[in-house]
Amino acid sequence: MTLSSPLLLYATAFLAGLLASAHCLGMCGSLVSAFFIRPGIGGVAPALAYHGARLGVYAALGFAAATLGTTLASSGQVGLLQAVLKVLAGVVIALLGLELLGLWQLRIGAGFAPLRWLGEGFGKALRQGPVLGATLAGALNGFMPCSITMAMAAKASSLSPLGGMLVLLAFGIGTLPAMLSASWLLSRLGIRVRGWLLKAAGGLVLSMGGYELWKGVGEFLIQYKLLY
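Just so it is clear, the model here is predicted, and its values are computed rather than measured.

Peer 1: Go over the overall build of the protein chain with me, naming the residues and quoting the values.
Peer 2: Scanning the protein chain from N- to C-terminus turns up 10 helices and 0 strands. Reading the protein chain from its N terminus to its C terminus gives the helix and strand order α-α-α-α-α-α-α-α-α-α. Expressed as a percentage of the 228 residues in the protein chain, the buried residues total 43%. For the protein chain, the proportion of contacts with a sequence separation of at least 24, taken over those separated by at least 6, is 82%. Roughly 11,300 Å² of accessible area belongs to the protein chain as shown, and the carbon and sulfur atoms make up 72% of that amount.

Below, the structure is given as structure tokens:
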């Protein structure tokens, strides 16, 4: 199985999600807990609705990123442009990995939606019924600013739409164990442990970025020689 194997890529994305779970707890765990401790919002159905919507948003983001990358690559000089996109994706992923490791001075603050809009949306979700409210809150959770999610989306931009969707979906599934038990784990994982796991996730993301950059540069040089 090579580094470019789809199965290995999905497994890496899943592992990144699993390692990032501690970061997810610190960033989103309080939101999840606050929603599910509301009166009348217990049970399996709201939990399934919440995390189903969250994974659905991840899959949609992966599909959209990959579709955008494919569209740009098909606009002329396909091979050269695809190589450039891989180089750019590698740089972005590597920078996000450095940020997670604490080695990037300026925080990227990557996100898919304004924090104010997200806050208002969570407030409205709390006023809905258990299942509908959980669905809305879970979808909004998928848009939370997260460097690791952005790194996965950057990787998805160099894949096919189906591949990009599956990468983000694998990442999201990796976050499920911690997010499903957020209220229990949040009180038991110390800041130091969460920090270690986040560093491990950062190292994995940095490795993905380095590999993507190396592959993109190699393909660019080949395509450039063929064209010029």
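Peer 1: Tell me about the nonpolar core, and please be specific about residues and values.
Peer 2: One finds Ile148, Met152 and Phe171 to be the most contacted residues of the largest nonpolar core, which totals 25 residues. Counting only elements with at least two residues in this core, the list comes to α1 (6-19), α3 (44-73), α4 (78-100), α7 (147-156), α8 (161-180) and α10 (191-227). In terms of nonpolar packing, the next biggest core, distinct from the first, is built from 8 residues, Ala49, Ala125, Ala134 and Leu140 among them.

Peer 1: I'd like to hear about α7, residue by residue, with values.
Peer 2: For α7, a buried count of 9 out of 10 residues is recorded, marking the element as mostly surrounded by other parts of the structure. Restricting attention to buried positions, one finds in α7 the residues Ser147, Ile148, Thr149, Ala151, Met152, Ala153, Ala154, Lys155 and Ala156.

Peer 1: Describe the packing of α7 against α8, and please don't skip the residues or the numbers.
Peer 2: As a packed pair, α7 and α8 sit with axes 8 Å apart at the nearest point and diverge in direction by 160°. Compared by their axis directions, α7 and α8 come out roughly antiparallel. The hand of the α7/α8 crossing is right-handed. Between α7, through Ile148, Thr149, Met152, Ala153 and Ala156, and α8, the contact on the second element is made entirely by Gly164, Val167, Leu168 and Phe171.

Peer 1: Describe in detail the packing of α1 against α8, supporting the description with residues and values.
Peer 2: For the pair α1 and α8, the least separation of the axes is 7 Å and the interaxial angle reads 35°. Considering only the axes of α1 and α8, their crossing is right-handed. In contact with Leu9, Tyr10, Ala13, Phe14, Ala16, Gly17 and Leu18 of α1, α8 contributes Gly163, Leu166, Val167, Ala170, Phe171, Ile173, Gly174, Thr175 and Pro177.

Peer 1: Describe the side chain of Arg54, listing the residues and the values that go with them.
Peer 2: Examined against the element boundaries, Arg54 turns out to sit in helix α3. With near-sequence residues (within four places) excluded, Arg54 lies in contact with Gly138, Ala139, Asn141, Gly142, Gly172, Thr175, Leu176 and Met179.

Peer 1: Please provide a residue-by-residue account of the pattern of salt bridges, values included.
Peer 2: By the definition in use, this model includes 2 salt bridges. With its nearest N and O atoms 2.3 Å apart, the salt bridge here joins Glu212 to Lys155. A residue pair is termed long-range when its members are at least 10 positions apart, and Glu212 in helix α10 and Lys155 in helix α7 qualify at 57 residues. Of the two residues, Glu212 and Lys155, neither departs from the other in class, the shared state being buried. When the shortest N-O distance is used, the salt bridge between Lys215 and Glu212 registers 4.0 Å. Here the residue Lys215 and the residue Glu212 both occupy positions in helix α10, the gap between them amounting to 3 residues, near one helical turn.

Peer 1: So what about the environment of Ala20? Which residues, and what values?
Peer 2: On the secondary structure map, Ala20 appears in the loop between α1 and α2 (21-36). Taking the C-alpha atoms as reference points, Ala20 and Lys199, 179 residues apart in sequence, are found 8.9 Å from one another. Once residues lying within four places of it in the same chain are set aside, the contact partners of Ala20 are Ile148, Phe171 and Ala201.

Peer 1: If you had to explain a nonpolar patch on the surface to someone new, which residues and values would you point to?
Peer 2: Among the surface-exposed residues, Phe14, Leu15, Leu18 and Ile173 lie close enough to one another that they form a single nonpolar patch of about 310 Å² accessible area. Per-element tally for the nonpolar patch: the top contributor is α1, with 3 residues. On the secondary structure map, Phe14 appears in helix α1.

Quick notes on the rules
- Residues numbered from 1 in each chain as written.
- Predicted model: local features only at pLDDT ≥ 70, side-chain atom pairs only at ≥ 80, totals over all residues.
- Heavy atoms only, no water.
- Helix = DSSP H or I, 4+ residues; strand = E, 2+ residues; numbered from the N terminus.
- Buried < 20%, exposed > 50% of the residue type's maximum accessible area, 1.4 Å probe, protein only.
- Contact = heavy atoms within 4.5 Å.
- Areas by Shrake-Rupley, 256 points an atom, 1.4 Å probe, with all protein chains shown as cover.
- Core = buried A, V, L, I, M, F, W, Y, C linked by side-chain atoms within 4.5 Å.
- Axes fitted to C-alpha atoms, helices over the stretch in contact; angles between N-to-C directions.
- Parallel < 35°, antiparallel > 145°, perpendicular 65-115°, else oblique.
- Left-handed = near helix turned anticlockwise from the far one by under 90°.
- Salt bridge = Lys/Arg side-chain N within 4 Å of Asp/Glu carboxyl O.
- Patch = residues over 30% accessible without salt bridge, like charges linked within 9 Å, V, L, I, M, F, W, Y side chains within 5 Å.

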